[in-house]
Amino acid sequence: MKGIVIKYDQRNINTDLIIPARYLVKSDPTFLAEHCMEDLDPVFKQRKKELGASILVGGSNFGSGSSREQAPLALKTAGIECVIAPSFARIFFRNSINIGLPIIEFNKIKDLNTGDEIELNFEQGIIKNLTLNKKFKVKKMPAFLQEIISLDGLVNFARNKIVKIK
Amino acid sequence: MGSTITEKILRDHCDEKNVSAGDFVLANVDKCLANDITAPISIEVFESIIEGMDRSVFDTDKIVLTPDHFAPNKDVASAEQCKILREFAWKYKIRNYFEQGRVGIEHCLVPEQGLALPGEVFIGADSHTCTYGALGAFSTGVGSTDLGVAMALGQCWFKIPESIKFVYSGKLNDFVSGKDLILYTIGQVGVDGATYKAIEFTGGIIDNLSMAGRFTMCNMAIEAGGKNGIIAPDKVTNAFLKSKGDFSYKEYKSDKDADYSNVIEFDCDELEPQVALPHLPENAKPISEVDGMKVEIDQSVIGSCTNGRLEDLRIAAKILKNRKVNPNVRCIVIPGTPIIYLDALKEGLIQTFLEAGAIVSTPTCGPCLGGFMGILAAGERAISTTNRNFVGRMGHVESEVYLASPALAAASAVKGYITSPEYL
Ligand code: SF4
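Basis of the calculations
- Residues numbered from 1 in each chain as written.
- Chains lettered and ligands numbered in written order.
- Predicted model: local features only at pLDDT ≥ 70, side-chain atom pairs only at ≥ 80, totals over all residues.
- Heavy atoms only, no water.
- Helix = DSSP H or I, 4+ residues; strand = E, 2+ residues; numbered from the N terminus.
- Rg over C-alpha atoms; globule rule 2.2 N^0.38 Å.
- Near = heavy atom within 4 Å.
- Nonpolar A, V, L, I, M, F, W, Y, C, P; charged D, E, K, R; others polar.
- Domains from an automatic or database assignment.
- Pairing = 2+ DSSP bridges.
- Axes fitted to C-alpha atoms, helices over the stretch in contact; angles between N-to-C directions.
- Contact = heavy atoms within 4.5 Å.
- Salt bridge = Lys/Arg side-chain N within 4 Å of Asp/Glu carboxyl O.
- Polar contact = N/O pair within 3.5 Å; in protein donor to acceptor, adjacent residues only side chain to side chain.
- 1 Å grid on protein atoms, 1.4 Å probe; cavity = no way out; pocket = protein on both sides within 12 Å on 5 of 7 lines; lining within 4 Å.
- Points joined across faces, edges and corners; volume = space filled by probe spheres on them.
- Buried < 20%, exposed > 50% of the residue type's maximum accessible area, 1.4 Å probe, protein only.
- Parallel < 35°, antiparallel > 145°, perpendicular 65-115°, else oblique.
- pLDDT = per-residue confidence, 0-100.
- Buried area = accessible area lost by both parts, 1.4 Å probe.
- Core = buried A, V, L, I, M, F, W, Y, C linked by side-chain atoms within 4.5 Å.
- Phe/Tyr/Trp six-rings, centres within 6.5 Å; stacked < 30°, edge-to-face > 60°.

The next subject is the overall build of chain A. Counting its secondary structure elements, chain A contains 7 helices and 7 strands. Traced from its N-terminal end to its C-terminal end, chain A shows the element sequence β-α-α-α-β-α-β-α-β-β-β-β-α-α. On C-alpha atoms alone, chain A measures out to a radius of gyration of 15 Å, which is about the 15 Å that the 2.2 N^0.38 rule sets for 166 residues. Dimensions along the principal axes, computed over C-alpha positions, put chain A at roughly 45 × 40 × 25 Å.

Given below as structure tokens:
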């Protein structure tokens, strides 16, 4: 996977900043995506578009706060294909995988900056910053997690598995 | 390097053999549990997975459904929720669906029915599913989506947790119970002291602790942030299970050289009964200090998945025998299951409660989560044997909950303020 970075170098970006509670009245993903990150950066949508960014980099403890499943869903629908942060709130981590949004724990986010083009290899656990020409190792993602992500989430993964068993 | 009991159980439930703490596994689950709040969402997820396929649940014997939170149906909405469980159970011939009248508070009911066994991977769409770690199972709460998937696949993914070991030594004073041990522990480590870790309870005190006390401790592992609480099976575990039926299971233990992220020792010789002040379980204080504060109460709740077992009711009844509930207090006793209720009836405990002027409720979660059967008004205060004293947990946002053991809840019901049986 290749993409351009959009970065918010701040710790504890919580689920309220990712999708404010006032928008939870509608669970329509495109509606949620419209308002994604709006309280953190009112021009997120526009910035993301101008950069052509699809990889979100954030500070540690990303996704803390209430365990709303809508948070990773809003990011994914807004066109974020991967989130990278030094650490994630566990429930956010789980919810992200379950809806098919890959996330990577990575400490050296100072080497990933807004506008950089990066390449990710989940299988081998490699992040390449093509702009800076740097390569980093991260934890490999086990095959079943890659499968959940490639199948767009846990529900499809389960469905696919059942079809295979049949 | 050796392995912890949690690592061993998870490893034996997945295909990879070299995994340890920090690794992700897709594990086979032995049982899945959901209640009237969480099951409807899980059922929706399940139905969407099998849509258009001629499929049933992964195993009709391994799903447990307990309408216990807002049941007996407290209103139309809860009646609709319970109806979803009932119809699902009929449709898929779920063996362990417990209709109202046979259902109890899930975490009292499941062990009583022999539905959680040592060495199992047990998941429940309820955070206090960690209770069954008391039997030496890997038991943890999951989200409704995970549970719906597990009902279809019989699998759930986990990051194998690191373990933290608590060692309890010394001799317990009178009226110091499993509840006091766990409140004290949470007071020491904080509500995030064991975040996402497996908590292993060990030491001489745990060896001598009853099953009821062990359930209470593991039940509140989540209140220290734990992913699961666990106690290696021993003769107490085996005797308990033998009394419930004829089961076969595998007993796991941690290796001596297992890796722990932290080991904390508690010397309990001086430990007093504990009270967790509002609004966090970590606000634990010894009763000698709280007694001096003369905290007047409006309600005393004795029950819940933390302390609604027969042993708990026995202690409360012993204190309430030939005494009266203070006229300013509503004392609500909730046996955890119909069997506990019946046993309490046979032993004369129910009569004792009624003679003392307490209310005896049918088994339900009821007031524990502010559902019904004892909701607090603004400014009201309760002592409760439950596990959470968050803002508004038992009713109005301006009400207060003080967590304690059944002994303290009973003594306080008599006095009208928070106290210990020692001071009666
Ligand atoms: S008794 Fe309370 S904590 Fe236990 S399952 Fe019921 S609501 Fe949850």
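Attention now goes to the site of the ligand. All names here are of chain B. Of all residues adjacent to the ligand, which total 13 residues, the nearest are His128, Cys305, Cys365, Cys368 and Asn387. Breaking the shell around the ligand down by element, the ones donating at least two residues are helix 4 (106–112) and helix 11 (304–307). Split into classes, the residues belonging to the shell around the ligand amount to 5 nonpolar, 5 polar and 3 charged. In terms of domain composition, the shell around the ligand takes at least three residues from each of domain 1 (5–264) and domain 2 (276–423).

This next bit is on the sheet that holds strand 2 (residues 53–58) of chain A. Residues and elements named next belong to chain A. Spatially, 4-3-2-1-5-6-7 is the arrangement adopted by the 7 strands of the open sheet, whose pairing is mixed. At either margin of the open sheet sits one strand with a lone partner, and together these are strand 4 (103–105) and strand 7 (134–137). With direction set aside, neighbouring strand axes in the sheet form an average angle of 30 degrees. As paired strands, strand 3 (residues 82–85) and strand 4 are joined by 3 bridges and run parallel to one another. Each residue of the ladder has a partner; that of isoleucine 84, found in strand 4, is isoleucine 104.

Our focus in this paragraph is the interface of chain B and chain A. Across the boundary between the two partners, chain B contributes 24 residues, which contact 22 residues of chain A. Connecting chain B to chain A are 2 salt bridges. In this structure, the salt-bridge partner of arginine 94 of chain A is aspartate 146 of chain B, at a minimum N-O distance of 3.0 Å. For the interface between chain B and chain A, the tally reads 8 residue pairs in polar contact (both at pLDDT 80 or more). Listing elements by their share of the side of chain B that touches chain A, those giving two or more residues are strand 1 (24–28), helix 2 (39–50), helix 5 (144–153) and strand 7 (155–159) of chain B. Looking at the side of chain B that touches chain A residue by residue, the class counts come to 14 nonpolar, 4 polar and 6 charged.

All right, on to empty space enclosed by the protein then. Inspection of every chain in the model, using the stated rule, returns 1 cavity of 30 Å³ or more. Of the volumes computed, that of the largest cavity is approximately 40 Å³. As for the largest cavity, its lining consists of Leu154 and Phe157 of chain A together with Leu26, Asp146, Val149, Leu153, Gln155, Cys156 and Trp157 of chain B. Tallied by class, residues from the lining of the largest cavity come to 7 nonpolar, 1 polar and 1 charged.

For the rest of this paragraph, the subject is the pattern of salt bridges. Note on pairing: side chains with opposite charge can pair once their charged atoms come close. Inspection of the entire model under this criterion finds 26 salt bridges over all chains. Here aspartate 41 of chain A ties to arginine 47 of chain A by a salt bridge, and the two come within 3.1 Å at their closest N and O atoms. The class for arginine 47 of chain A is partly exposed, based on a relative accessible area of 29%. The salt bridge partner of aspartate 61 of chain B is arginine 95 of chain B, with a shortest N-O separation of 3.3 Å. Placement of aspartate 61 of chain B in the loop between helix 2 and strand 3 (63–66) and of arginine 95 of chain B in the loop between helix 3 (76–91) and strand 4 (96–97) is noted, with a sequence separation of 34 residues between them. Accessibility expressed as a relative area gives 58% for arginine 95 of chain B, which makes it exposed.

Attention now goes to the side chain of serine 399 of chain B. Residues and elements named next belong to chain B. The topology assignment puts serine 399 in the loop between strand 17 (381–384) and strand 18 (400–403). By relative accessible area, which is 3% here, serine 399 ends up buried. Polar side-chain contacts of serine 399 include one of 2.5 Å to the backbone oxygen of histidine 396. Those residues in contact with serine 399, other than ones at most four positions away along the chain, are His279, Leu376, Ala377, Gly379 and Glu380.

Two elements in contact, helix 7 (residues 154–165) of chain A and helix 5 of chain B, have axes separated by 10 Å at closest approach and are oriented at 0 degrees. The angle between helix 7 of chain A and helix 5 of chain B falls in the class roughly parallel. When helix 7 of chain A is examined against helix 5 of chain B, the residues Leu154, Val155, Phe157, Ala158, Lys161 and Ile162 of chain A are found in contact with a partner set consisting of Thr145, Asp146, Val149, Ala152 and Leu153 of chain B. Its residues placed into classes, the contact of helix 7 of chain A with helix 5 of chain B shows 8 nonpolar, 1 polar and 2 charged.

With 100% of its residues at a pLDDT of 70 or more, chain B shows a mean pLDDT of 97. Among the prediction metrics, the complex's ipTM stands at 0.89, with pTM recorded as 0.94.

As a further point, take the domain arrangement of chain B. All names here are of chain B. Per the domain assignment, the segments making up chain B are domain 1 (5–264) and domain 2 (276–423). Spacing between the C-alpha centres of domain 1 and domain 2 amounts to 25 Å. Taken residue by residue, the interface counts 38 residues in domain 1 and 38 residues in domain 2. Each partner contributes to the roughly 2,900 Å² buried at the junction of domain 1 and domain 2, and carbon and sulfur atoms together form 65% of this total. Looking at the side of domain 1 facing domain 2, the largest losses of area belong to Ile105, Phe175 and Lys179, adding up to 21% of the total buried there. Remark: the boundary between domain 1 and domain 2 carries 1 salt bridge. A salt bridge links arginine 388 to glutamate 223; the nearest nitrogen and oxygen atoms lie 2.8 Å apart. Remark: the boundary between domain 1 and domain 2 carries 19 residue pairs in polar contact (both at pLDDT 80 or more). Counting only elements with at least two residues in the side of domain 1 that touches domain 2, the list comes to helix 4, helix 6 (178–189) and helix 8 (211–219). A breakdown of the residues in the side of domain 1 that touches domain 2 according to their chemical character gives 16 nonpolar, 15 polar and 7 charged.

All names here are of chain A. Tracing the backbone through its elements, the reader meets asparagine 113 in the loop between strand 4 and strand 5 (117–121). By relative accessible area, asparagine 113 is classed as partly exposed at 32%. For asparagine 113, the side chain forms a polar contact with the side chain of lysine 7, separated by 3.2 Å.

On to the nonpolar core. Counting 99 residues, the largest nonpolar core has Leu56, Phe62, Leu75, Ile84 and Ile127 of chain A together with Leu65 and Trp157 of chain B as the members making the most contacts within it. With residues up to four places along the chain from it excluded, the contact list for leucine 75 of chain A reads Ile18, Cys36, Met37, Leu56, Phe62, Ile80, Val83, Phe92 and Leu101 of chain A. The next biggest cluster of nonpolar side chains, apart from the first, holds 51 residues, and it includes Leu33, Ala134, Met217 and Leu376 of chain B.

All names here are of chain A. Applying the stated criterion across every chain, the model contains 20 aromatic pairs over all chains. Aromatic pair phenylalanine 62 and phenylalanine 92: ring centres 5.3 Å apart, planes at 65 degrees, arrangement edge-to-face. Pair noted here: phenylalanine 62 is in the loop between strand 2 and helix 4 (70–77) and phenylalanine 92 is in helix 5 (residues 90–99), with a separation of 30 residues, a long-range link. With relative accessibility at 0%, the residue phenylalanine 62 sits in the buried group.

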